[in-house]
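# Examining the three-dimensional arrangement
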Amino acid sequence: DTLIILSSTMLLSSARFASRRFTASAARRCMSATARPTVSNSRTNAVPFVMGAAGLAAIGAFSFNNNNKNVSHCDTSASVADAVKETENKFAAYWPRNIMIIFGPPGAGKGTHGPKIEDMLGIPQLSTGDMLRAAVAAQSEVGKKAQAVMKAGGLVSDDIVVGIIRDRIQEADCKFGFILDGFPRTQVQAKALDAMLSEEGACVTKVIELQVPDSVLEERICGRWIHKKSGRSYHVKYAPPKSMKVGADGKPVKESMIDDETGDALMQRPDDTAAALVKRLHGYHSETVPILDHYSPAGVVKSVNANQGMDGVWGEVLKALSRK
C-alpha cells in the first residue's frame with residue numbers, strides 16, 4: 001500500500017511538471033533489452049523540471065524491482081532515493097538552469113506572481129536588497145566591500161552587486177535555477193549579469209514582462225499595502241486583508257490593516273504615491289525597458305497582459321514559462 005501511495009504521489013507530481021519525453025538512467029538500468037523504450041537524445045525535448053524526471057525514474061526503479069524480478073539487468077539494490085538523487089544530479093549537470101527575470105512597472109503584479117512561480121518551480125526568488133543585507137551580515141568578502149561603500153554614503157557599484165549574486169547562486173537552493181527580482185535595472189547591469197553567468201556556463205533562460213498601461217497603475221499603487229517581513233502584498237480594492245475596516249471618509253482604517261497570516265501591522269511604502277509614481281514610471285520606461293530589447297534577440301522574452309483578472313494573468317504567465 002505504501003508503494004502504491006508513493007507511486008501515485010510521484011505520478012501526480014510528474015504529470016504536473018514533466019514534459020512528454022524524459023531521460024532516466026536509473027530506470028534504464030532496470031529494464032531488459034526487450035523492455036527498454038526508445039529515448040530521445042535531443043536536449044531540447046528534455047524534462048523542463050527535475051521533479052518530473054525524478055519521480056518517473058523512481059517509479060521506474062520501483063516498478064521493475066517489484067514486478068519484473070526475472071529481468072537480468074535489474075539492480076535490486078537500487079532505491080527510490082538513489083534514483084531520485086541520480087536524476088537530480090544529471091539535471092544539475094547537463095540541463096540549463098531556469099534563470100529568470102521578471103519585469104514590470106510598479107504595481108504590475110511582480111510581488112503577486114513572482115512567489116507563485118517560485119513555489120511552482122521550486123526555485124528561489126532572489127531580491128538584490130535581501131542578498132545585499134545577507135552578504136553584509138555574513139561578512140563575506142563582497143559583503144564587506146558593500147558595507148564600506150554604504151557606510152561612506154555611496155551607492156553600491158554594479159560590480160559589487162554582481163559579485164553578491166555570484167556568491168548567492170552557488171548555494172544549494174539555486175542548483176536548478178533562480179528568479180532575479182530588482183536586477184538588472186539597466187542595460188549596463190544586464191550585460192554585467194550576462195558576463196558573470198557566462199563564466200558559470202549559464203545564461204538567462206526566460207524574461208517575463210508584465211504589461212499594464214500607465215493610466216491603470218495609479219489606483220493599484222496608491223491602494224497597495226505590504227507586509228514588510230514577507231513581502232506579501234494587499235490592495236484595499238482588489239485584495240484587502242480580512243481585518244480591513246473602512247472609515248467615514250471611505251479610506252481604510254490604518255489600525256485595521258493587519259497581515260492575514262501573522263497578525264503583523266501592514267505598511268505603505270513612502271513612494272507609493274501618485275507624485276512618486278510619475279517619477280518611477282519615467283525611470284522604468286527610460287532605463288528598464290531597453291533591457292527587454294537586449295534579451296529579445298535570444299528569443300527568451302515573453303510578454304504578459306497583466307491588466308486583467310489574476311487568474312487570467314496567471315494563465316498567461318504559465319504559457320510564458322513553457323519551454324515548448
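The model shown is predicted, which means the values in this text are computed figures rather than measured ones. (Residues numbered from 1 in each chain as written. Predicted model: local features only at pLDDT ≥ 70, side-chain atom pairs only at ≥ 80, totals over all residues. Heavy atoms only, no water.)

### Quick notes on helix α11 (residues 274–295)
Given a rise of 1.5 Å per residue, 22 residues ought to cover 32 Å, and the 31 Å separating the end C-alpha atoms of α11 matches this to within 8%. Among the residues making up α11, those that are buried are Leu277, Leu281, Tyr284, Thr288, Ile291, Leu292 and Tyr295. Here the buried face of α11 lies against β1 (98–103), α9 (187–199), β4 (206–211), α10 (214–222) and β7 (301–305). (Helix = DSSP H or I, 4+ residues; strand = E, 2+ residues; numbered from the N terminus. Expected span 1.5 Å × (residues − 1). Buried < 20%, exposed > 50% of the residue type's maximum accessible area, 1.4 Å probe, protein only. Contact = heavy atoms within 4.5 Å.)

### Structural notes on the sheet that holds β1
The parallel open sheet is built from 5 strands, whose spatial order is β2-β3-β1-β4-β7. Both edges of this open sheet fall to β2 (125–127) and β7, since each of them pairs with a single strand only. Between one strand axis and the next, the sheet turns through 25° on average, direction left out of account. Alignment of β4 against β7, held across 5 bridges, turns out to be parallel. Paired with Glu209 across the strands is Ser303, a residue of β7. Where helix α6 (residues 128–138) meets the sheet, it contacts β2 and β3 (177–181), and its direction lies at approximately 70° from that of β2. (Pairing = 2+ DSSP bridges. Axes fitted to C-alpha atoms, helices over the stretch in contact; angles between N-to-C directions.)

### A short note on the environment of Leu321
Note on placement: Leu321 falls in helix α12 (residues 310–321). In this structure, the C-alpha to C-alpha distance between Leu321 and Val300, residues 21 residues apart in sequence, is 9.9 Å. Other than its neighbours up to four places away in sequence, Leu321 contacts Met100, Ile117, Met120, Lys206 and Ile208.

### Thoughts on the pairing of β3
In terms of residue burial, β3 counts as a mostly covered element, since 4 of its 5 residues are buried. Sheet topology note: the β2/β3 ladder contains 3 bridges and is parallel. Looking at the pairing, Gln125 lines up with Ile179 of β3.

### Looking at the packing of α10 against α11
Geometry of a packed helix pair, given as the angle between the helix axes and the separation of the axes. Interhelical geometry of α10 versus α11 gives an angle of 130° and a closest axis separation of 10 Å. If you check the angle between α10 and α11, you find them oblique. Crossing angle aside, the handedness with which α10 passes α11 is right-handed. Together, Asp214, Leu217, Glu218, Ile221 and Cys222 of α10 and Ala274, Leu277, Arg280, Leu281 and His285 of α11 make up the contact between the two elements. Residues belonging to the contact of α10 with α11 are distributed by class as follows: 6 nonpolar, 1 polar and 3 charged. (Parallel < 35°, antiparallel > 145°, perpendicular 65-115°, else oblique. Left-handed = near helix turned anticlockwise from the far one by under 90°. Nonpolar A, V, L, I, M, F, W, Y, C, P; charged D, E, K, R; others polar.)

Worth remembering: the numbers are spatial, not functional.
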